[in-house]
Amino acid sequence: MFEVQLNQRTPLSREEIQRKKYPSDLSAFETSVVNFCHDWLNGVSTFELKTSGSTGTPKIVTATREQMIESVNRSQEAIGFQEGETALVTLHPDYVAGKMMLTRCLVANLSIVALEPSSNPLTLLPLNRTIDFAAFVPYQIQTILDSKDALRLNRIRNVLIGGGSVPEATQTILQRLEGSVYLSYGMTETLTHIALKKLTGKSPDHFFKTLPGISIHQDERGCLVIEGDYFPEKVVVTNDLVELQSGGRFQWLGRWDHVINSGGIKLIPEVLEPRLNSVFEKLDHACRYFLSGWPHDKLGQELILIIEGQPWSQQEQELLILEMEKILGRFEVPRRICFVEKFIETENQKINRRLTLERLTPQPSSVS
């Protein structure tokens, strides 16, 4: 039986949602959930999807009901969620991930448990509640794994992770879960994921594999170009650098607009960053960080490391450099380290690298 449970409230039936018979004291998230469900159940034909703004200025993408259903059908074929099951929604419906999770529930007739978005939404889930299908962003997954709630992921049959990359070390931990865990690739313009990488099972995937009916190739920059007949725009040209494999498979390398050209050497931050995880773990520093380029008179750009939090001591920074030199190539070691008390985030908790970098004034401090 289809129903919608908002946080710890009494579940709402299909009829109650259709007729807007729900509490007057709903939070902004709860209101967004029921309003979308109401519109869908009452036959609204077009929906506006807002991009996150993590790689540029946020914009609005308009999708039809039929296009969204096509996306759900391909996702359902790949993941296998079924009518009568229960889905956990912890992502805000103002953005494509949350809106499409609700769409999957409505099209496939899944009951909905909607929990207020947070770094660890499982703290709001009753201990004995079993979930068939849930979606999280990497930040939520990492927070859950670092908490006492990590084993509760075993009570979720299908876990979908999207909205960013997941470190190799984290993928290794996720492989031990009893259910199926999928890392997804997609964006607002493609109505969420167009490719999945299964992390669990006897033979985990090494590459993303496109969903049925999706065609991919590279442009002259080496960036992914995606074609799907249900996209609002049939062809989507991305800024994602990829390495293509046979059979619709590919490896994501990083963002073309993040590439750093330092003295003629091109460095891809997203390729280097996962290799730094072991360094931060060894030094027992649990923090967020990213690599970027900074203007340099002779090199054009120099590689810098931006760390979230209070500045480390000079001794700690020098030790960090020494450890990075052990695992990175000569030209891959950041020439400077700088600190930002709090990274700037988009509304759906992605790190906004561009705006965070703009806040660095006047120059990051050198450790050399």
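The structure under discussion appears in the preceding block.
Residues numbered from 1 in each chain as written. Predicted model: local features only at pLDDT ≥ 70, side-chain atom pairs only at ≥ 80, totals over all residues. Heavy atoms only, no water.

A.B. asks: Mind laying out the overall build of the protein chain, listing which residues take part and the relevant values?
C.D. replies: In terms of helices and strands, the protein chain carries nine helices and 20 strands. By the compact-globule yardstick of 21 Å for 368 residues, the protein chain fits well, its C-alpha radius of gyration being 21 Å. Along the longest, intermediate and shortest principal axes, the C-alpha atoms of the protein chain span 65 × 45 × 45 Å. Split into buried and exposed, the 368 residues of the protein chain put 50% on the buried side. As displayed, the protein chain offers around 17,400 Å² of accessible surface, 48% of which is attributable to carbon and sulfur atoms. (Helix = DSSP H or I, 4+ residues; strand = E, 2+ residues; numbered from the N terminus. Rg over C-alpha atoms; globule rule 2.2 N^0.38 Å. Buried < 20%, exposed > 50% of the residue type's maximum accessible area, 1.4 Å probe, protein only. Areas by Shrake-Rupley, 256 points an atom, 1.4 Å probe, with all protein chains shown as cover.)

A.B. asks: An account of the packing of aromatic side chains is requested, with residue identities and associated values reported.
C.D. replies: For any pair of aromatic rings, geometry is given as the distance between the ring centres together with the angle between the planes. What the rule picks out here adds up to 12 aromatic pairs. Centroid distance Phe36 to Trp40: 6.2 Å. Interplanar angle 35°. Geometry classified as tilted. A residue pair is termed a helical-turn pair when its members lie 3 or 4 positions apart in one helix, as Phe36 and Trp40 do in helix α2 (residues 28–41) at four residues. Given the relative accessible area of 5%, Phe36 is considered buried. (Phe/Tyr/Trp six-rings, centres within 6.5 Å; stacked < 30°, edge-to-face > 60°.)

A.B. asks: Quick rundown of the nonpolar core? Include the residues and the values.
C.D. replies: Within the largest apolar cluster, 78 residues are counted, with the highest numbers of intra-cluster contacts made by Leu88, Ile112, Phe136, Leu153, Leu174 and Tyr185. When near neighbours in sequence (up to four residues on either side) are disregarded, Tyr185 contacts His193, Ile194, Ala195, Phe208, Leu224, Ile226, Thr238, Asp240, Phe250 and Trp252. If you look at the next biggest cluster of nonpolar residues, it comprises 20 residues, including Leu272, Leu291, Leu320 and Met324. (Core = buried A, V, L, I, M, F, W, Y, C linked by side-chain atoms within 4.5 Å. Contact = heavy atoms within 4.5 Å.)

A.B. asks: Now, about the environment of Arg335: what can you tell me, with residues and values included?
C.D. replies: By the element assignment, Arg335 lies in the loop between α8 (314–327) and β20 (336–340). Residue Arg335 is classed as partly exposed on the basis of its relative accessible area, which comes to 43%. Considered as a pair, Arg335 and Ile321 are 14 residues apart in the sequence and their alpha carbons are 9.0 Å apart. In terms of polar contacts, Arg335 uses its side chain to reach the side chain of Glu302, at 3.0 Å. (Polar contact = N/O pair within 3.5 Å; in protein donor to acceptor, adjacent residues only side chain to side chain.)

A.B. asks: I'd like a description of the pairing of strand β15 (residues 249–255), backed by residues and values.
C.D. replies: Moving residue by residue along a regular strand, the side chains alternate between the two faces of the sheet. Summarising the sheet, strand β11 (residues 208–210) and β15 pair through two bridges and their orientation is antiparallel. Its bridge partner being in β15, Lys209 is matched across the sheet by Arg249. Taken together, the five bridges between strand β14 (residues 235–244) and β15 define a ladder with antiparallel strand orientation. Directly across from Glu243, in β15, lies its bridge partner Gln251. (Pairing = 2+ DSSP bridges.)

A.B. asks: Outline helix α3 (residues 65–79), supporting the account with residue identities and numerical values.
C.D. replies: Given a rise of 1.5 Å per residue, 15 residues ought to cover 21 Å, and the 21 Å separating the end C-alpha atoms of α3 matches this to within 8%. Phi turns positive one or two residues past the end of α3, at Gly80, with a value near 95°. (Expected span 1.5 Å × (residues − 1).)

A.B. asks: How would you summarise the sheet that holds strand β18 (residues 289–296) if you had to cite specific residues and measurements?
C.D. replies: The mixed open sheet is built from three strands, whose spatial order is β18-β19-β20. Among the strands making up the open sheet, the edge pair consists of β18 and β20. The mean angle between the axes of side-by-side strands here comes to 40°, regardless of whether they run parallel or antiparallel. Of the pairings in the sheet, the one linking strand β19 (residues 300–308) to β20 comprises five bridges and is parallel in character. Counted as the bridge partner of Ile307 is Phe339 from β20. Against the sheet, helix α7 (residues 269–282) engages β18 and β19, with an angle of about 125° to β18. (Axes fitted to C-alpha atoms, helices over the stretch in contact; angles between N-to-C directions.)

A.B. asks: Give a description of the pairing of β19 that names residues and reports values.
C.D. replies: A large share of β19 lies buried, amounting to seven of its nine residues. The pairing of β18 with β19 spans eight bridges and is antiparallel. Counted as the bridge partner of Gly293 is Leu303 from β19. Once β18 ends, the chain turns through three residues before running back antiparallel as β19. Once the chain exits β19 it traverses α8 before rejoining the sheet at β20, and the crossover so formed is right-handed. (Right-handed = clockwise from strand over helix to strand, strands pointing away.)

A.B. asks: Could you give an account of the packing of α2 against α3, naming the residues involved and the relevant values?
C.D. replies: The geometry of α2 relative to α3 is characterised by a closest axis approach of 12 Å and an angle of 105° between their N-to-C directions. For the element pair α2 / α3, the angle class is roughly perpendicular. The segment α2 lies against α3, with Phe36, Asp39 and Trp40 engaging Arg65, Met68 and Ile69. Taken together, the residues of the contact of α2 with α3 break down into four nonpolar, no polar and two charged. (Parallel < 35°, antiparallel > 145°, perpendicular 65-115°, else oblique. Nonpolar A, V, L, I, M, F, W, Y, C, P; charged D, E, K, R; others polar.)

A.B. asks: So, the state of the cysteines: which residues are in play, and what are the values?
C.D. replies: Applying the stated criterion across every chain yields a total of zero disulfides. Residue Cys287 stays outside any disulfide, its sulfur separated by 12 Å from that of Cys338, the closest cysteine. (Disulfide = S-S within 2.5 Å.)

A.B. asks: Tell me about the packing of α7 against α8, and name the residues and values.
C.D. replies: Two elements in contact, α7 and α8, have axes whose closest approach is 10 Å; the angle formed by their N-to-C orientations is 140°. Classed by the angle they form, the pair α7 and α8 counts as oblique. Judged by the twist between their axes, the crossing of α7 over α8 is right-handed. Counting all contacts with α7, which are made through Arg275, Leu276, Ser278, Val279, Phe280 and Lys282, the residues of α8 involved are Leu320, Glu323, Met324, Lys326 and Ile327. Looking at the contact of α7 with α8 residue by residue, the classes come out as six nonpolar, one polar and four charged. (Left-handed = near helix turned anticlockwise from the far one by under 90°.)

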